[in-house]
Amino acid sequence: MTVDVIAAALVELSIGEHDAAQVRLASVDGRLARALVDGLQSGSSDGVYVQPAAFERFIGSPPNARLYADVEKALASWVAEGAGDVRRVFDVGCGDGRVTAAVCPGDLQRVELIEPSAALLDSATVRLFDYPVVRIERTVAAWLGSSAGERRDVGWSTFALHNLPPDERAATLEGIAERTDRFAVVEFDVPEWRSLEQWGIHCAERYAIGAAAHNDAEVLHGFLVPVLLGQFAPDAVRHTYEQPLAAWEADFQAAGFTQTEVQEIHSDFWWASAGMVTGISER
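What counts as what
Residues numbered from 1 in each chain as written. Predicted model: local features only at pLDDT ≥ 70, side-chain atom pairs only at ≥ 80, totals over all residues. Heavy atoms only, no water. Helix = DSSP H or I, 4+ residues; strand = E, 2+ residues; numbered from the N terminus. Contact = heavy atoms within 4.5 Å. Pairing = 2+ DSSP bridges. Axes fitted to C-alpha atoms, helices over the stretch in contact; angles between N-to-C directions. Expected span 1.5 Å × (residues − 1). Buried < 20%, exposed > 50% of the residue type's maximum accessible area, 1.4 Å probe, protein only. Arc of directions from axis to C-beta. Parallel < 35°, antiparallel > 145°, perpendicular 65-115°, else oblique. Left-handed = near helix turned anticlockwise from the far one by under 90°. Nonpolar A, V, L, I, M, F, W, Y, C, P; charged D, E, K, R; others polar. Phe/Tyr/Trp six-rings, centres within 6.5 Å; stacked < 30°, edge-to-face > 60°.

### Here's the deal with the environment of Ala-124
The residue Ala-124 is located in helix α8 (residues 118-127) in this model. Considered as a pair, Ala-124 and Ala-102 are 22 residues apart in the sequence and their alpha carbons are 11 Å apart. The residues touching Ala-124, leaving out its near neighbours within four places in the chain, are Cys-94, Gly-95, Asp-96, Gly-97 and Leu-113.

See below:
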């Protein structure tokens, strides 16, 4: 099966067998296999967010429409639970601002958009032109290092904190807990894998579905393939460090959040189901 060949090639990549993986991928047909060969030949790139055209096409594509509609509905409902006290909000990794624009209540004193990509931050600012926006063109670590004092009422991050390496998560969530009363993370509920081979099979199966679902060459070559290769090839830029939602909740609790909850939001996206982890901080 093509999926088995792709999975084996991904494992070969992880141990530095670049040429063997490329030969293996070239031995089978299929959209994903061909795109992976092209990606290996073109070399590593860190541009999926720095030059985010493919990423923006990805999040705006038809397969994502229902996902984002469900995310916006769930997050807006959670934000509204404390509507009387919500005046200062922030979004960590706001991307192009589509989620923030959909969930922000009307009467706000400040909306902090934290996003290291200038291009994405420009798009977000346009989407939120009616709000008192504070542009923060920094990583979350840089923002935490420069912001202190006044607390925010509510904050959230949607499909962004998984970009953080695991050894940065604890300090990041602790810093956020010191700056807000309530916080929510929306992420994919990826399975916990116990071997590299198991993860390779999972990724090959899921990305084959994703490659078929996103009938867009720019999305496939400019976003999906770099993200997939980054999880296996040692010389590629890694963009994702995902984990199960239960692990996100444990991280919340370790950072000092209480009354944590996990809610499934969307169950049939090609990669994994999506859910929301929320917590309250009194730090």
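### Regarding the sheet that holds strand β4 (residues 152-158)
Read from one edge of the open sheet, seven strands run β3-β2-β1-β4-β5-β7-β6, paired in mixed fashion. Strand pairing shows two members of the sheet lacking a second neighbour, β3 (133-136) and β6 (258-266), which therefore form its edges. For this sheet the average axis-to-axis angle between neighbouring strands, irrespective of direction, equals 15°. Running over the sheet, helix α13 (residues 245-255) touches β5 (180-188), β6 and β7 (274-280) and is turned about 15° from β7.

### A few points about helix α6 (residues 62-80)
For α6, spanning 19 residues, the distance from its first C-alpha to its last is 27 Å, which sits close to the expected 27 Å at 1.5 Å a residue. Residues of α6 that are buried: Asn-64, Leu-67, Tyr-68, Val-71, Ala-74, Leu-75, Trp-78 and Val-79. The buried residues of α6 occupy one face: seen down the axis, they fall within an arc of 135°. Relative to its buried face, α6 has exposed residues pointing more than 90 degrees away, namely Pro-62, Arg-66 and Lys-73. Considering only its buried residues, α6 is in contact with α5 (53-59), α7 (98-103), β4, β5, β6 and β7.

### Concerning the packing of helix α2 (residues 18-26) against helix α3 (residues 31-42)
Relative to each other, α2 and α3 sit at 150°, their axes nearing to 9 Å. Relative to α3, α2 is oriented roughly antiparallel. Seen from above, α2 lies across α3 with left-handed handedness. Facing His-18, Gln-22, Leu-25 and Ala-26 of α2, the residues of α3 in contact are Ala-33, Leu-36, Val-37, Leu-40 and Gln-41. In terms of residue class, the contact of α2 with α3 is made up of six nonpolar, three polar and no charged.

### As for the packing of aromatic side chains
Taken as a whole, this structure holds 16 aromatic pairs when the rule is applied. Each ring, one from Trp-199 and one from Trp-271, has its centre 5.8 Å from the other, and the planes form 75°; the classification is edge-to-face. Of the two residues, Trp-199 is situated in helix α11 (residues 196-213) and Trp-271 in the loop between β6 and β7; the sequence distance between them amounts to 72 residues. Summarising the burial analysis for this pair, Trp-199 and Trp-271 share the class buried. Between Tyr-207 and Trp-270, the ring centres sit 5.3 Å apart and the planes meet at 75°, which makes this aromatic pair edge-to-face. Placement of the pair is Tyr-207 in helix α11 and Trp-270 in the loop between β6 and β7, with a sequence separation of 63 residues. Given a relative accessible area of 6%, Tyr-207 falls into the buried group.

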